[in-house]
Amino acid sequence: MKHWKQALAAIAAGLGMALPAAAADPIVIGQVAPFSGPQAITGKAIHAGAKLYFDAVNARGGVRGRPIKLVTRDDAQKPEESVRLTRELIAAEAPLALIGTVGTANLEALAKDGVLAQQRVSMVGAVSGAASVVQAPGMHIVKASYHDEVGRLFSQLAGVGVKRVGLVIQEDGLGRDVLAGAEAAAQRHGIDLAVRTSYPRNTVAVEKAVSEIVASKVQVVFLGATTAAGIEFVRQYAAAGGTATLYGLSIIDTDALFKALGPERARGYAFSVVLPLAHQTNRPVVREYLQLRQASSDPALSARSIEGFVAAKALVKVLEGTTNLTPAGVTAALATARAVDVGGYLLDFSANDRPGSRYVDFAMFGAQGRILQ
């Protein structure tokens, strides 16, 4: 019966038609992400945030009486597995949309494979700010790009007279994108990128990077790193006597960093803010998130989880606004969604040459872990 329904649904999707649904038929949303391996902390956090919102929607009756079913596959942060498992999930589960695949290299592999375009399925909340992902058909990100982050930082640094900056990147598509954005921003704002150093992808082998940054005596270091490597760099840099101010890329999980380093070693660590922070309770989306998080016992919820929460809420708003609940119908609705307000945070998915948001700010850990902004 399940395969018969999938075949019929596929025919209908190809014609851009929606089949009548029984009241209990779930709306399937798929997520292929790392739930094991070096980036499991991020995959689990994004999933926890999305599930938190979907569960709340289901508790109030779902979307037009249909519950949302979030199905997952673990790609362990391997790009080839992201492609294989996305194809497998689409074939087996017939999702209306995808959410929260993690990693520039993984998302670039999906774009190169073309599976989303072929199956007319879109992804909301693709977890990367790389230009290659921003511009990929069918991928919608819910935050500013990495180029936006580094551009805003270098503009502010130039404004206060900081000229010598060091850059640490991961050796992959993420790092290449951050480097390209940093070099362009440095030229615009008169910043000297005094040292560019890197570490191998999906490792915490940052010893070379620490040594080169310490030797450079730069004023500021921008960490274009993932969470585990970012934490290890901060730890080793402090132990080596480094004195520069460290600014971390937004993808470094600040909850995980604070827990790993403690309040004293985390103090002074600065980071990009591209999504609402938990203390910004003037935003309705933050109040909603905090209320639901307080009632949840999910240990995977962290600072990164609001990205999954925002992506899930944006997707539900699009689903509620379209009558064509097929993958093609949802893809079309997303492509014309110009003002998706998730609660004091506005998203625009209508252009494939810019991210869903351009919001960038900065914050820093102060005494006892207080976030200063």
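On a predicted model such as this, the values are computed, not experimentally measured, just so you know.

A.B. asks: I'm lost on unusual backbone geometry in this one. Help?
C.D. replies: Among all residues except glycine, the phi angle is most often negative; among peptide bonds, the trans geometry is most common. Within the chain, Ala76 stands out as a residue other than glycine whose phi angle is a positive 55°. Relative to the elements of secondary structure, Ala76 occurs in the loop between β2 (68-74) and α3 (79-93). Notably, Lys217 is not glycine yet its phi reads approximately 55°, a positive angle. With respect to the helices and strands, Lys217 occurs in the loop between α9 (207-216) and β8 (220-224). Accessibility expressed as a relative area gives 67% for Lys217, which makes it exposed.

A.B. asks: Can you help me understand empty space enclosed by the protein in this one?
C.D. replies: Here the idea is plain: a probe the size of a water molecule rolls over the atoms and shows the empty space left. Within the structure shown, the criterion is met by 1 cavity of 30 Å³ or more. Roughly 140 Å³ of volume is contained in the largest cavity. Contributing to the lining of the largest cavity are 16 residues, with Gln77, Val102, Gly103, Thr226 and Ile251 lying nearest its centre.

A.B. asks: Any chance you could explain the nonpolar core here in plain terms?
C.D. replies: Grouped burial of nonpolar side chains is what soluble globular proteins tend to show. Of all hydrophobic cores here, the largest spans 88 residues; its most connected members are Ile29, Phe54, Phe154, Leu157, Val310, Leu347 and Phe349. Leu157 has contacts with Val162, Val165, Ile191, Val220 and Tyr247, leaving out every residue within four places of it along the chain. Among the nonpolar cores identified, the runner-up in size contains 29 residues, and Val206, Leu261, Val273 and Ala363 belong to it.

A.B. asks: I keep staring at the environment of Phe54 and nothing clicks. Help me out?
C.D. replies: Structurally, Phe54 can be placed in helix α2 (residues 40-59). Residues Phe54 and Pro67, spaced 13 residues apart in sequence, show a C-alpha to C-alpha distance of 8.6 Å. Contacts of Phe54, omitting those with residues within four sequence positions, involve Ile29, Ile68, Leu70, Ile99, Ala312, Leu315 and Val316.

A.B. asks: Even after reading the chapter, I still don't get the confidence of the model for the protein chain, so can you show me in this structure?
C.D. replies: Note that predicted coordinates carrying low pLDDT should not be read in detail. Here the protein chain averages 93 in pLDDT, while 94% of its residues score no lower than 70. Overall, residues 1-8 carries pLDDT values under 50, and its contacts beyond four positions in sequence, including any with other chains, amount to 8 contacts.

A.B. asks: Would you explain the packing of helix α12 (residues 284-295) against helix α13 (residues 305-321) in this entry?
C.D. replies: Angle between the axes and distance between the axes: these two values describe a pair of packed helices. The interhelical angle for the contact between α12 and α13, taken along N-to-C directions, is 115°, at an axis separation of 11 Å. By the angle class used here, α12 and α13 are roughly perpendicular. Every pair of crossing elements has a handedness; the one defined by α12 and α13 is right-handed. Contact residues: α12 offers Val285, Val286, Glu288, Tyr289 and Leu292, while α13 offers Ser305, Ile306, Phe309, Val310 and Lys313. Here the contact of α12 with α13 is built from residues that sort into 7 nonpolar, 1 polar and 2 charged.

A.B. asks: Quick question: what am I supposed to make of the packing of aromatic side chains here?
C.D. replies: For any pair of aromatic rings, the description rests on two quantities: the centre-to-centre distance and the angle between the ring planes. Using the criterion set out here, one finds 8 aromatic pairs in the structure. Arranged with centres 5.9 Å apart and planes meeting at 90°, the rings of Tyr247 and Phe362 form a pair that is edge-to-face. Taken together, the residues span a long stretch of sequence, with Tyr247 in strand β9 (residues 245-248) and Phe362 in strand β13 (residues 361-365) at a distance of 115 residues. Assigned by exposure class, Tyr247 and Phe362 land together as buried. Plain terms: the ring middles of Phe271 and Phe365 are 5.5 Å apart, the flat faces sit at 50° to each other, and that makes the pair tilted. With Phe271 in strand β10 (residues 270-273) and Phe365 in strand β13, this pair connects stretches of sequence that are 94 residues apart. Neither residue differs from the other here; Phe271 and Phe365 are each classed as buried.

A.B. asks: Explain the pairing of strand β1 (residues 27-33) here, please?
C.D. replies: Remark: a regular strand shows side chains that alternate across the two faces of the sheet. With respect to burial, β1 is a largely interior element, 7 of its 7 residues being buried. Because side chains alternate across β1, one face comprises the buried residues Ile27, Ile29, Gln31 and Ala33, and the other comprises Val28, Gly30 and Val32, equally buried. The sheet contact formed by β1 and β2 spans 7 bridges and is parallel. Bridging from a neighbouring strand, Gly30 pairs with Val71 of β2. A crossover links β1 with its parallel partner β2, the connecting element being α2, and its sense is right-handed. Of the pairings in the sheet, the one linking β1 to strand β3 (residues 97-99) comprises 2 bridges and is parallel in character. Opposite Gly30, over in β3, you have Leu98 as the bridge partner.

How each quantity is defined
Residues numbered from 1 in each chain as written. Predicted model: local features only at pLDDT ≥ 70, side-chain atom pairs only at ≥ 80, totals over all residues. Heavy atoms only, no water. Helix = DSSP H or I, 4+ residues; strand = E, 2+ residues; numbered from the N terminus. Buried < 20%, exposed > 50% of the residue type's maximum accessible area, 1.4 Å probe, protein only. 1 Å grid on protein atoms, 1.4 Å probe; cavity = no way out; pocket = protein on both sides within 12 Å on 5 of 7 lines; lining within 4 Å. Points joined across faces, edges and corners; volume = space filled by probe spheres on them. Core = buried A, V, L, I, M, F, W, Y, C linked by side-chain atoms within 4.5 Å. Contact = heavy atoms within 4.5 Å. pLDDT = per-residue confidence, 0-100. Axes fitted to C-alpha atoms, helices over the stretch in contact; angles between N-to-C directions. Parallel < 35°, antiparallel > 145°, perpendicular 65-115°, else oblique. Left-handed = near helix turned anticlockwise from the far one by under 90°. Nonpolar A, V, L, I, M, F, W, Y, C, P; charged D, E, K, R; others polar. Phe/Tyr/Trp six-rings, centres within 6.5 Å; stacked < 30°, edge-to-face > 60°. Pairing = 2+ DSSP bridges. Right-handed = clockwise from strand over helix to strand, strands pointing away.

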